[in-house]
Amino acid sequence: MKRILVVDDEPMIRDLVVSFLRGPDISVVAVDGVGAAKVELDRANFNVLLCDVNLRGESGTSLLEYERVNEAQTAVIVMSGVAGLPTAMDVIRRGAFDFVAKPFSSQELCGSVQKAFDRSEKMRLEEARKMELELLVEARTVELEVALSESNHTCDLTIEALGAALNLRDTETERHCRNVEMVSLDIAREWGLTDTQMLRDLRWGALLHDIGKIGIPDSILRKPGPLTAEERKVINTHPGMGSRMLQGIEFLRGAAQVVRHHHERYDGTGYPDGLAGETIPLIARIFAVADAVDVLSGGRVYQAAISPEDVRAEISRSAGSHFDPQIVEAFLRTHSVSEGPLR
Ligand SMILES: [Fe+2]
Ligand SMILES: [Fe+2]
């Protein structure tokens, strides 16, 4: 049912307009002034408001600014016998939908009202379509969030499974990996790394950095004494072996940089690729400092722990040779080793 509100102080005009407009699916309410119009507008939504300009000293056009008219998206058609063009232009500029000059024919009035109905229907359809789209976007967002959290969970499970495989071979690794994960993130944040993807790659890379040791024979990996030069060569294949293990896993592409380059040195004398300076991926440079911090702090059982001050001094000494000096500075600003050995 479409609803029209007519505001005119002349009973004859009100009756005429009502008789022109009333129909099977149209309800028409007629009132004589601005006050009564506001009562009706507050009571219900109208598709169209037809109002006279001069209403016994009041101006019907003041209803153009009435907030309920905007809220309900009511189309205002102004009727006037006095003004002609200037009034028409003024009311249209102020937001009226149309202007009908008195005296008007039934055809003129009904034509204008029909145009208002058409516009209101178009707006209603647009609004419904917008709401439909909003609901669709909301539903898709929820689906995406669920899929993402499931996929993150799957990623974490994959990393845990890979880590568990290495722990079977090298029992001290798990604690060390957890420690370096924490120290790496501390340093990264202090350095100013905010890219969530890179922080995630760094975290996963830290957990998996020695995964390539799965391929090192027990006789070397678990050898209690010092290694020979030949055995050292075999051990040094673990970064390359680790990155090859991960190369087919898309979500570990970034983490594989840490795995491959965690034994590079800033001065280019590291392995496996002998990269130097900033050609070593940032997250691998950050990780290298964290790895050394944990080893010096006693994260490896064969290594006696040294005091936090000595760890900091030792790391500082290697700035520019083993480590990126800016990352060493970031590490020195953290409190990663100030509360004693990491466990
Ligand atoms: Fe390693
Ligand atoms: Fe390590």
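A. Up close: unusual backbone geometry. Across the junction of K102 and P103, the peptide omega takes the value -5°, indicating a cis bond. Within the secondary structure, P103 is located in the loop between β7 (98-101) and α5 (106-169). Geometrically, the link from Y271 to P272 is a cis peptide bond, its omega value of 10° lying close to zero. With respect to the helices, strands and loops of the structure, P272 is situated in the loop between α11 (255-261) and α12 (282-296). Residues other than glycine seldom take positive phi values, yet R56 does so here, at roughly 45°. Here Q73, not a glycine, exhibits a phi torsion of approximately 50°, which is positive. Note that Q73 resides in the loop between α3 (67-71) and β6 (75-80).

B. Here's a closer look at a negative patch on the surface. Taken together, the side chains of E126, E127, E134 and E138 define an acidic patch exposed on the protein surface. When you line up the elements, E134 lands in helix α5. The exposure class of E134 is partly exposed, given its relative accessible area of 45%.

C. Region of interest: the coordination of the iron ion (ligand 1). Distances from the iron ion (ligand 1) to its protein donors, D210 (OD), H238 (NE2), H262 (NE2) and H263 (NE2), fall at 2.1 to 2.3 Å. Given four donor atoms and angles of 82 to 171° at the metal, the environment of the iron ion (ligand 1) is assigned as irregular. Read in sequence order, the donor residues for the iron ion (ligand 1) give the motif D-x27-H-x23-H-H. The distance between the iron ion (ligand 1) and the iron ion (ligand 2) comes to 4.9 Å. Look at H262 and you get buried, because its relative accessible area is 2%.

D. Representation of the packing of helix α7 (residues 196-208) against α12. Running from N to C, α7 and α12 point in directions that differ by 45°, and their axes come no closer than 10 Å. Between α7 and α12, the crossing angle belongs to the class labelled oblique. As α7 packs across α12, the resulting crossing turns out to be right-handed. Contacts between α7 and α12 involve M198, D201, L202 and A206 from the former and L282, I283, I286 and F287 from the latter. Class assignment of the residues belonging to the contact of α7 with α12 gives a composition of seven nonpolar, no polar and one charged.

Each value, and the rule that gives it
- Along each chain, numbering runs from 1 in the same order as the chain's sequence is written.
- The order in which chains are written sets their letters, starting at A; the order in which ligands are written sets their numbers, starting at 1.
- Local features in this predicted model are restricted to residues of pLDDT 70 or higher, and side-chain atom pairs are both shown and tallied only at a pLDDT of 80 or more, whereas totals for entire chains, interfaces and linings draw on every residue.
- Excluding hydrogens and water, the side-chain values take into account all heavy atoms of the structure.
- Helix and strand labels come from DSSP, where a helix needs a run of H or I of at least four residues and a strand needs a run of E of at least two; each type is numbered from the N terminus.
- Note that patches include only residues with greater than 30% relative accessible area and no salt bridge, and the join distances are 9 Å for like charges and 5 Å for nonpolar side chains (Val, Leu, Ile, Met, Phe, Trp, Tyr).
- Working definition of accessibility: Shrake-Rupley area with a 1.4 Å probe, residue cover restricted to the visible protein chains.
- By definition here, a salt bridge exists when the distance from a side-chain nitrogen of Lys or Arg to a carboxyl oxygen of Asp or Glu is within 4 Å.
- Think of it this way: Lys and Arg go in the positive column, Asp and Glu in the negative one, and His and the chain ends go nowhere.
- Charged side chains are reduced to one point each, which is NZ for Lys, CZ for Arg, CG for Asp and CD for Glu.
- Note on classification: 1.4 Å probe, protein chains only; a residue is buried when its accessible area is under 20% of the maximum for its type, exposed when over 50%, partly exposed between these limits.
- For Na, K and Ca the donor cutoff is 3.2 Å, while for all other metals N, O and S atoms must lie within 2.8 Å; water is not among the atoms, so some sites may look incomplete.
- Irregular is the default label, applied whenever a site is not tetrahedral (four donors, all angles between 85 and 135 degrees) and neither square planar nor octahedral (four or six donors, opposite donors over 155 degrees apart, all other angles between 65 and 115).
- To define axes, lines are fitted to C-alpha atoms, for helices over the stretch in contact only, and angles between the resulting N-to-C directions are given on a 0 to 180 degree scale.
- Throughout this description, any angle smaller than 35 degrees is read as roughly parallel, any larger than 145 degrees as roughly antiparallel, any in the 65 to 115 degree range as roughly perpendicular, and the remainder as oblique.
- Should the near helix be turned counterclockwise from the far one by less than a right angle, the crossing is left-handed, whereas a clockwise turn marks it as right-handed.
- Residues count as neighbours in contact if any of their non-hydrogen atoms are within 4.5 Å of one another.
- Any residue outside Ala, Val, Leu, Ile, Met, Phe, Trp, Tyr, Cys, Pro, Asp, Glu, Lys and Arg is labelled polar, Gly included; the first ten of those are nonpolar and the last four are charged.

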